[in-house]
Amino acid sequence: VQLQASGGGLVQAGGSLRLSCAASGRTFSGYTMGWFRQAPGKEREFVAAISWNGGSTWYADSVKGRFTISRDNAKNTVYLQMNSLKPEDTAVYYCAVLTGITYYYTGSYDNWGQGTQVTVSS
């Protein structure tokens, strides 16, 4: 499976963006999918994850109430709606497939996409 993240850009604080993660090669409909982000000089960190059927979602405390993860298995795409953006949300955002056990652990994921840059200005 190859993952392609898109939808990033430059936005003012308080604004919104919607990221997409499209899979090609084969379906990922049976997998939990996750979004992570990495700011310059920092480690990659968990943002959100969604179970295979969308029935369960998990969020980092820093984005809870502002970000919403969703998926459309018919389109083989996962989304991250980001509202009330803050300058500290600036990072490269990545999507990946959960192949391990712990949904918030980077090492549990595989098939990382190339990432999309999100920059929030103050």
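Residues numbered from 1 in each chain as written. Predicted model: local features only at pLDDT ≥ 70, side-chain atom pairs only at ≥ 80, totals over all residues. Heavy atoms only, no water.

The subject of this paragraph is the side chain of serine 20. With respect to the element layout, serine 20 can be found in strand β3 (residues 17-24). Residue serine 20 is classed as buried on the basis of its relative accessible area, which comes to 18%. Once you skip the residues sitting within four places of it in the chain, serine 20 turns out to touch Gln4, Ala5, Ser6, Trp35, Thr77, Val78 and Tyr79. (Helix = DSSP H or I, 4+ residues; strand = E, 2+ residues; numbered from the N terminus. Buried < 20%, exposed > 50% of the residue type's maximum accessible area, 1.4 Å probe, protein only. Contact = heavy atoms within 4.5 Å.)

Here we come to the pairing of strand β4 (residues 33-38). Of all 6 residues in β4, 5 are buried, a share of seventy percent or more. Examined bridge by bridge, β4 and strand β5 (residues 45-50) share 5 bridges and lie antiparallel to one another. What sits directly across from arginine 37, in β5, is glutamate 45. Bridge count for β4 against strand β9 (residues 91-98) is 6 bridges, and the pairing is antiparallel. Across the sheet, the residue bridging to arginine 37 is tyrosine 93, located in β9. (Pairing = 2+ DSSP bridges.)

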